[in-house]
Amino acid sequence: MIEAVVGSVAQILVVALGAPFVVGLTRTLKARLVGRRGASPWQPYRDLAKLLGKEPVVSATTSWVFPFTPYLLAATMLVAALVVPVVTSRPALGFAGNAILLMALFLLGTFFLALAGLDAGSAFGGMGSSREVAVAALAEPTVIVAIFALALRADTIDLGAVVERFGGEPSLAINPAHLLAFAAFFIVMLAETGRLPVDNPATHLELTMIHEAMVLEYSGRYLALVEWASAMKLFLFMTLLANLFVPWGVPAGAAPGALALGAAVLAVKLVVLSSVLALLETAVAKLRLFRVPELLAGSFALALLAVMAVFLVR
Amino acid sequence: MSRAIYGFAALASLAAGALGVHGVLGGTWTLAVPWLLPLGGVELGMDRLAGLFVAIVALTALPVSVYALAYDRGARGGLGAYLTFLGAMVVVPLAANAMTFLIAWELMSLASWLLVARQRDASEAAWVYAVMTHAGFACLLVGMMLLAAGTGSLSFADWRVAAPAFDPTTRHVIFVLLALGFAGKAGVIPLHVWLPLAHPAAPSHVSALMSGVMVKLGIYGLIRVSLDWLGVGPPWWGVVILVVGTLSAVIGVLYALVDHDLKRLLAFHTIENVGIILIGLGAALVFQPVGARELAALALVAALYHTVNHAAFKALLFLGAGSVLHATGTRNMEEMGGLVKRMPWTAACFLVGSIAIAGLPPLNGFVSEWLTFQALLQNLSVPRPALNLVFALALAGLALTAGLAAACFVKAFGIGFLGLPRSEEAAHAHEAPAAMRAAMAALAVVCVGLGIGATLIVPVFAAVAADLTRGAQVPIAVFGGVTVHVSGDFASVSTLTVAAALAAALLLLVAGVRLVGATARPRVSDTWGCGRIVQTARMEYTATAFSNPFKRVFDFFYRPRKRLDIDLHPESRFFVRSLAYESPTRSIFDDWLYAPLMAGLRRTTATARAIQSGSANLYLAYILAALVVMLVLG
């Protein structure tokens, strides 16, 4: 019982406090790659602190949905932090519904954020909402089929159990099905977290925005919560990629030493993934909105191939 | 008058609901009144499955009738049809012989047809509905006559015993005929064409019953045929239902996305949800004959759970749409907006329904979709690659459906209820009267209860599924009163925990934000508009614009036409006098299936007209010729 509480607190703290750093690190690396000095990786923390101190401005058109959404969005991410195996392969809410619950939690956040985008009655918000839900909806099949491919090979759909199974038997993780599922999941991560080439998190032009257009009306503490939640979503997706596909060094228990080790290993994996993401984002340009479905269809094909590969090598 | 009738309907529904609950908990009885009808008389029988569907019918009809007290106040007609409709729907699942079943079925169709046909501007809807429902009835009639001829009895109990031993071809023919008849009533693609016409045309409380309940009796029929009357069938029955269910789910939600008539949008979602139910049923029918009876029972639990859930949230949403129609006089979403401030109760209930139908946690839609996913995910225990591929595609289809449904209800609630009012009527909308609010609130509570109370509900469905799979061990266990385990350690779900965790996280965040001193009072100002002075509804994103990305992505399916008319000033082409833009979508099924079918029918009848000259002498000659032929052949 105590171990479960310690593990839960550790998971939440790692996700809640680590998330802005991953965003900051990616930004710094991107700046360095294009020859700028860039801000320090700690900049997102300063931004959040500043936003929290500011007076929020709220449109007179909005309803209760608008101020409620940032809290709900952040809450879904905190709950998700207890579903994903972050620093222990036995997260406290692992029993509450596994990968399907995780995707549904993300979708719940997107659902409310998209409603909030429409709440102020601005065309930008509507544009962002419409695009965001389109991308989210088209990414769903890939996620499920990629997870199916993993579940097939691990004989369970419980995320923690998948990690333990692959971690205990490394030969299982070196396999074409695994690589294909990884590629599919990586593309989905880019789409779901609004990264290049699907969405440009650094854009200043409303007409090309997806996520940023949807949250255009937010300011002050509401914006802080939304930004923080987005960072947590990126962190959780990266952690999923890291721990599902490179499943080594994820402790099963929640003893302090094991947790520290798990956190250290995770930090290494995330730095590597952030570097890959930064490299990718410097190398590719944003796709036109109507080319995005082709990318997602491609990722779906990869996921389906992963499932087929499982059948073939069975 | 209308108050008395609807009050009576509510009380009778309550009684019938109690009867149904008794049945689903295991109470069985039979009742025979042989003298009432020829050919076997009236025979009723209660088992768990019948009890479940009686409970669905009656417990949906209860809030709907309460709603109608206010919604249909002062109505002069249609009350008899309403009562007949309700009564017939209660009798259908109870019927224990073909005669009783077919009469109740036809009464149900006729009464609902009457309720649609009474409406203004509903002649096309009524016509299509009448044709489709009777084509389905003909299929049922022939199928049941084949069963009766083969077993020598009209009683379902005799079919159950004798039909599994029929030769395979007869069983296939019977299955196809009965499945066509029931699938038509359930609105399965491509037999769905009547549904988006008839359901929105009816008064909203009747729409709620047609969409929430009547289509479920088609599902009931499908379950009876494929698991009960005909015994265990070959796997291809299940594959067909699985594929058709997946197609219905995806295509239903695709149509809903581009439709901006609130009630028609809900009708298309009925097709989608029937598809999801059929994915569960189809999976069960595949698992059953290949030796995975436990998985069959699991898939059935998922299908039955979704059937109940859909009745709750679809009735809720239709009642919500009815309140909006009542308050604004329009079903067009482009003329709504801002209703969350003028109709807070209706909006809150509609939002609950939207979250539920989108399959988001912790409400009821999530639980049944989760169970369906788990049943599909375990298909690898059936080592047949072709089947596994079908399952993988069904999984993808179900996931796509869930995503698109969430997108569609962002549109329905976001455009319909949020932002600025898009018309005068929406700006002066008023909240619904108390009876209507109470009915919607009750259904919203049911949606929440069916979600977080999953551990209490699942064992009930497990008992029904065990009955239907003839005593298979249902691989579902409840642990600690909060967690549902599926197939041992394969997966588990706990919506109560998720709800509690979300609530705790919300409280934590509110307290945390306070604690770090972020307490500045929000300043109320204008929406950001790049420097323009006033914000009007014309600057808002429309439902059409919202669904445009989907129209572009699924271009091959919608095949939209584009019409742009620009009226320029005769003096200068730089002045535009008026601008008209239209981008209607075209239905594949109308163009490629029903249009050729109708054209063929017209050609055939035109040819047949040659022998109908109107001359009495010629007709007498026909009779003589027929007599001679019969005498010669006889």
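Residues numbered from 1 in each chain as written. Chains lettered and ligands numbered in written order. Predicted model: local features only at pLDDT ≥ 70, side-chain atom pairs only at ≥ 80, totals over all residues. Heavy atoms only, no water.

Within chain A, the secondary structure is distributed over 12 helices and one strand. Ordered by position from N to C terminus, the α and β elements of chain A give α-α-β-α-α-α-α-α-α-α-α-α-α. Scaling as 2.2 N^0.38, a compact globule of 314 residues should have a C-alpha radius of gyration of about 20 Å, and chain A matches this with 19 Å. Seen through its principal axes, chain A has C-alpha atoms that stretch 55 × 45 × 40 Å. Out of the 314 residues belonging to chain A, those deemed buried represent 64%. Nonlocal contacts in chain A, meaning residues at least 24 apart in sequence, comprise 80% of its contacts between residues at least 6 apart. (Helix = DSSP H or I, 4+ residues; strand = E, 2+ residues; numbered from the N terminus. Rg over C-alpha atoms; globule rule 2.2 N^0.38 Å. Buried < 20%, exposed > 50% of the residue type's maximum accessible area, 1.4 Å probe, protein only. Contact = heavy atoms within 4.5 Å.)

A few words on the interface of chain B and chain A. Each partner contributes to the interface: chain B provides 78 residues, whereas chain A provides 77 residues. Carbon and sulfur atoms supply 77% of the area that chain B and chain A bury against each other, a total of about 6,500 Å² over both sides. Three residues stand out in chain B for area buried against chain A, namely B:L380, B:L509 and B:Y541, and they jointly supply 9% of the buried area on that side. Inspection of the chain B/chain A interface yields one salt bridge. Close ionic contact of B:R523 with A:E55 constitutes a salt bridge, the shortest N to O distance being 3.1 Å. (Buried area = accessible area lost by both parts, 1.4 Å probe. Salt bridge = Lys/Arg side-chain N within 4 Å of Asp/Glu carboxyl O.)

All names here are of chain B. Enumeration over the complete set of coordinates arrives at 18 salt bridges over all chains. Put simply, E540 and R422 hold a salt bridge, and the shortest N to O gap is 3.6 Å. With E540 in the loop between β6 (523-525) and α21 (543-553) and R422 in the loop between α16 (385-417) and α17 (424-427), this pair connects stretches of sequence that are 118 residues apart. Assessed through its relative accessible area of 16%, R422 is described here as buried. What emerges from the salt-bridge pattern is a single network uniting D47, R160, R224, D228 and R470.

Before going further, it helps to spend a moment on the packing of aromatic side chains. For the coordinates displayed, the defined rule picks out 36 aromatic pairs over all chains. It is B:K185 that lies over the ring of B:W194; its NZ or CZ is 5.8 Å from the centre. Lying over the aromatic face of A:F290, B:R552 brings its terminal NZ or CZ to 3.7 Å of the ring centre. (Phe/Tyr/Trp six-rings, centres within 6.5 Å; stacked < 30°, edge-to-face > 60°. Lys NZ or Arg CZ within 6 Å of the ring centre and 35° of its normal.)

Next up on the list: empty space enclosed by the protein. Under the definition given, this model contains seven cavities of 30 Å³ or more. Every residue lining the largest cavity is counted, 14 residues in all, and those nearest its centre are A:I100, A:A104, A:E140, B:F373 and B:A402. Taken together, the elements giving at least two residues each to the lining of the largest cavity come down to α4 (98-119) and α5 (123-154) of chain A together with α15 (364-377) and α16 of chain B. Across the lining of the largest cavity, the residue classes break down as 11 nonpolar, one polar and two charged. (1 Å grid on protein atoms, 1.4 Å probe; cavity = no way out; pocket = protein on both sides within 12 Å on 5 of 7 lines; lining within 4 Å. Points joined across faces, edges and corners; volume = space filled by probe spheres on them. Nonpolar A, V, L, I, M, F, W, Y, C, P; charged D, E, K, R; others polar.)

Take the confidence of the model for chain A next. Confidence in the prediction for chain A averages 88 pLDDT; 99% of positions are at 70 or higher. Within chain A, no element has a lower average pLDDT than helix α7 (residues 170-173) of chain A, which sits at 75, and none a higher one than helix α3 (residues 65-81) of chain A, at 95. (pLDDT = per-residue confidence, 0-100.)

What follows covers unusual backbone geometry. What you tend to see is this: most non-glycine residues have negative phi, and most peptide bonds are trans. Omega for the peptide link from B:I189 to B:P190 comes to 5°, which places this bond in the cis form. Examined against the element boundaries, B:P190 turns out to sit in the loop between α7 (168-186) and α8 (195-201). At the junction of B:P361 and B:P362, the peptide bond is cis and its omega measures out at 0° in the coordinates. At A:N98, a residue that is not glycine, the phi angle is positive and equals roughly 45°. Looking at where A:N98 falls in the secondary structure, it is placed in helix α4. Since its relative accessible area comes to 2%, A:N98 is described here as buried. Notably, B:R559 is not glycine yet its phi reads approximately 45°, a positive angle. Take B:R559: it is sitting in the loop between α22 (555-558) and β7 (563-568).

Our focus in this paragraph is the side chain of B:D228. Residue and element names in this part refer to chain B. Locating D228 in the fold gives a position in helix α9 (residues 204-229). Exposure remark for D228: the relative accessible area of 9% places this residue in the buried category. In this view, D228 contacts R160, I223 and R470; residues no more than four positions away in its chain are not counted.

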